Structure formats: C-alpha cells, structure tokens
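Residue-level listing of the chains:
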Amino acid sequence: MKQSIFIKHALPFIQWYALMIFITIVIDYLLHKFQLVLNGSYLGFGGTFFIMVSFLYSLRKRKIIKSGSPKRLLMFHEYLAWIGSIMLLVHAGIHFNSLIPWLAILMLLITVASGLVAKFLLKKSNENLKQKRQFMIAEGIDKEDVDRKLFLDSITVDWMKKWRLFHMPITLLLVIFSLIHIITIIIFIV
C-alpha cells in the first residue's frame, strides 16, 4: 500500500510506450542496415489495415455490429492498434519533407498514449486509490488526514478519468490527417 500510483501504474505505462518507440527504432535500424528502407514504406498499408481492423471494437461498443465479445474485441483493439502504430511509425521514418504525414504521426503518438492511459492506468489506479483510502480509514486515520495524504494520488486519478476527452478527438484528427495523406499520395504519385 506504500507505493504511489505513479510508481505502481504510470511507470509500467511509460515503459510500454517506450517499448513501442524502441521497437520502431530497432526495425528502422535493421531496414537501413540491410538496405531495405523502401520496404518500410509498405508498412504503411499493413499498419493502416491493422488499425482499421482494430476499430471493430468501436463498432461493437456502439452496437453497429452485433457479434463478438466486447472484452475480446477490446483486447484485439489494443494489440492491433499498438502493432499497427509500430508499423506506421516505421513507415513514417525520419522524413521532414511533408507536414501532413508528420501531423498524422503526432496524432498517432498522442492517440496511442491516451489509449494506454485507459488500458494500463485508469482502472487500476482508481482501484488502488480506493484500497488505500479504505486501508487508511480502517487503520483509524482521520478522513481529513487521509484526504491530505492521498491528495496527489486523487489529482492523478481525476486527471486520468478525462482520457476520452483527448482520445476521441485526437483519433478523429489522426483519421483526417491519414486520409489527406493517402489521398495526396494517390493524386501525386499514381
């Protein structure tokens, strides 16, 4: 009960996000090392496909489709979106020649971060805060002292509860920038 919510829940979240970036760098490095950089551009198709398939969860949640277990589709959504994000990050590489793809990648990074907040932090942190509060009250600590001792944890959990305020609009911007990127590629390359 002594560990803070940051150490117990936020740190694993940061590690998961850092792992995504690390895997992206390793794949990009290997593509460069073996002179397969052009193959990285094809990962955009796969990454986009994975992320699009991951939206089955959103369709099920909104009752647009009726089949599939919401719990299983959520897990499917989380992992496919994470893998698709790695593919898109490798696809993007380090190219500074176009604004729209960079905006799409920025939205992708923010969307993944906000999704990871929901997956790793929110539920566990809220449960942890309730357990700490109950434990301290059971120990006979005054409610005011409990509130004071758990102030930072309470603020952290309250902030994390607002994750959808970021996740949905950023996801929409990701879709818009991605569509603009795809359309301009089709117009100017094909």
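Summary of the structure given here. (Residues numbered from 1 in each chain as written. Predicted model: local features only at pLDDT ≥ 70, side-chain atom pairs only at ≥ 80, totals over all residues. Heavy atoms only, no water.)

**Quick word on the pattern of salt bridges**
Part 1: A complete count under the given rule lists 4 salt bridges for this structure.
Part 2: Beyond isolated ion pairs, a larger network of salt bridges with shared partners links R133, K143 and D147. (Salt bridge = Lys/Arg side-chain N within 4 Å of Asp/Glu carboxyl O.)

**As for unusual backbone geometry**
With the exception of glycine, most residues fall at negative phi, and the peptide bonds are largely trans.
Part 1: Unlike most non-glycine residues, Q35 shows phi in positive territory, near 55°.
Part 2: Relative to the helices and strands, Q35 is located in the loop between α1 (5-33) and α2 (37-54).
Part 3: Here Q35 falls in the exposed class, since its relative accessible area comes to 73%.
Part 4: Residue K63 is not a glycine yet carries a positive backbone phi of 65°.
Part 5: With respect to the helices and strands, K63 occurs in the loop between α3 (56-61) and α4 (70-92). (Helix = DSSP H or I, 4+ residues; strand = E, 2+ residues; numbered from the N terminus. Buried < 20%, exposed > 50% of the residue type's maximum accessible area, 1.4 Å probe, protein only.)

**Some thoughts on the packing of aromatic side chains**
Part 1: Evaluated as defined, the whole model comprises 3 aromatic pairs.
Part 2: Pairing W16 with W82 gives two aromatic rings, centres 4.7 Å apart and planes at 25°, and the pair type is stacked. Of the two residues, W16 sits in helix α1 while W82 sits in helix α4, which places them 66 residues apart along the sequence.
Part 3: For W16, a relative accessible area of 25% gives the class partly exposed.
Part 4: Here the aromatic rings of F49 and F50 are separated by 6.5 Å at their centres, their planes lie at 65°, and the arrangement is edge-to-face.
Part 5: Note on F50: relative accessible area 26%, which makes it partly exposed. (Phe/Tyr/Trp six-rings, centres within 6.5 Å; stacked < 30°, edge-to-face > 60°.)

**Quick notes on the layout of surface pockets**
Part 1: Considered as a void within the structure, the largest pocket measures approximately 1300 Å³ in volume.
Part 2: When residues of the lining of the largest pocket are traced back to their parent elements, those giving at least two are α1, α2, α4, α5 (99-138) and α8 (163-189).
Part 3: For the lining of the largest pocket, the element with the highest residue contribution is α8, accounting for 11 residues.
Part 4: Of the volumes computed, that of the second largest pocket is approximately 910 Å³.
Part 5: Surrounding the second largest pocket, 34 residues form its lining, L74, H77, G115, W163 and H167 being those nearest its centre. (1 Å grid on protein atoms, 1.4 Å probe; cavity = no way out; pocket = protein on both sides within 12 Å on 5 of 7 lines; lining within 4 Å. Points joined across faces, edges and corners; volume = space filled by probe spheres on them.)

**Here's the deal with a nonpolar patch on the surface**
Part 1: On the surface, a cluster of nonpolar side chains totalling about 650 Å² of accessible area is made up of L19, F22, V26, Y29, L30, F34 and L36.
Part 2: Among the structural elements, Y29 can be located in helix α1. (Patch = residues over 30% accessible without salt bridge, like charges linked within 9 Å, V, L, I, M, F, W, Y side chains within 5 Å. Areas by Shrake-Rupley, 256 points an atom, 1.4 Å probe, with all protein chains shown as cover.)

**Quick word on the packing of α2 against α4**
Two packed helices can be described by the angle between their axes and the distance between those axes.
Part 1: In the contact formed by α2 and α4, the axes pass within 7 Å of each other and the chain directions differ by 160°. Accordingly, the angle class assigned to the pair α2 and α4 is roughly antiparallel. Once α2 is placed against α4, the crossing between them reads as left-handed. Residue-level contacts link G40, S41, L43, G44, G46, G47, T48, F50, I51, V53 and S54 of α2 to F76, H77, L80, A81, I83, G84, S85, M87, L88, V90 and H91 of α4.
Part 2: For the contact of α2 with α4, the per-class residue count stands at 11 nonpolar, 11 polar and no charged. (Axes fitted to C-alpha atoms, helices over the stretch in contact; angles between N-to-C directions. Parallel < 35°, antiparallel > 145°, perpendicular 65-115°, else oblique. Left-handed = near helix turned anticlockwise from the far one by under 90°. Contact = heavy atoms within 4.5 Å. Nonpolar A, V, L, I, M, F, W, Y, C, P; charged D, E, K, R; others polar.)

Keep in mind that these numbers describe shape and distance, not what the molecule does.
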